[in-house]
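Descriptive analysis of the structure
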Amino acid sequence: MTQRTLVLLKPDTVRRGLVGEVIGRIERKADWKIAALELRQLDRATLEQHYAEHVGRPFYEPLVEFMLSGPVVVMVVDGERVIEGVRQLAGPTDPIAAAPGSIRGDFGTIVRENLIHASDSEESAIRELKIFFPGLS
Ligand code: RTP
Ligand code: MG
């Protein structure tokens, strides 16, 4: 089943020079294709939409500040079961709980600074793709 997902490489990934490493893991999966890719400084309005489900939670404000702290890589990836697949490559939200071999498990320690975002369902992917790439067909 070919799907499309939205992936963000968070400011920690860019700052730490791990963009190539993380993109490489995505790129090496059979038949997955990068459909769009951009280094972008996000603004608060975009993040308010993106993280709408988390508004009011204690981690929301620090999360938005972190996501504004530097540019992120915004990308669209197409391929076989890519939504579940990128989540699997990323590992669980808490990098200490994430298994070695996963992106978060290999490179992360802090829950907030967990390197990568990937849409968690087809519904989320459609919603998030509209926010970050409104012109993409
Ligand atoms: P993401 O949306 O970034 O792919 O990550 P996720 O589904 O694994 O995590 P989610 O629950 O949607 O939370 C979004 C992001 O908020 C930060 N966070 N901080 N307790 C905390 O300090 C906390 N909890 C979540 C993380 O950056 C998480 O990825
Ligand atoms: Mg999430």
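Below or above, wherever it landed, is the structure these notes cover. Only a predicted model underlies this, so the values are computations on that prediction, with no experimental measurement involved.

Should their charged atoms come close, side chains of opposite charge can pair. Per the stated rule, a full pass over the model turns up 7 salt bridges. A salt bridge links R4 to D78; the nearest nitrogen and oxygen atoms lie 2.7 Å apart. Residue R4 is found in strand β1 (residues 2-9), and its partner D78 is found in strand β3 (residues 72-80); the two are separated by 74 residues along the sequence. A salt bridge links D106 to R25; the nearest nitrogen and oxygen atoms lie 2.9 Å apart. With a gap of 81 residues between them, D106 in helix α6 (residues 103-107) and R25 in helix α2 (residues 19-27) connect regions that are remote in the sequence. Note on R25: relative accessible area 17%, which makes it buried. Three or more residues joined by partner-sharing salt bridges are found here, namely E21, R25 and D106.

Side chains of a nonpolar character, in soluble globular proteins, are inclined to be buried together. With 20 residues, the main nonpolar core has L6, L42, M67, V74, F132 and F133 as its most contacted residues. Those elements giving two or more residues to this core turn out to be β1, α4 (60-68), β3 and α7 (122-132). At 5 residues, the largest contribution of residues to this core is made by α4. Once residues lying within four places of it in the same chain are set aside, the contact partners of F132 are L6, L8, R40, L42, T46, H50 and V74. The next biggest cluster of nonpolar side chains, apart from the first, holds 18 residues, and it includes V22, I23, L89 and A90.

Calculation notes
- Residues numbered from 1 in each chain as written.
- Chains lettered and ligands numbered in written order.
- Predicted model: local features only at pLDDT ≥ 70, side-chain atom pairs only at ≥ 80, totals over all residues.
- Heavy atoms only, no water.
- Salt bridge = Lys/Arg side-chain N within 4 Å of Asp/Glu carboxyl O.
- Helix = DSSP H or I, 4+ residues; strand = E, 2+ residues; numbered from the N terminus.
- Buried < 20%, exposed > 50% of the residue type's maximum accessible area, 1.4 Å probe, protein only.
- Core = buried A, V, L, I, M, F, W, Y, C linked by side-chain atoms within 4.5 Å.
- Contact = heavy atoms within 4.5 Å.

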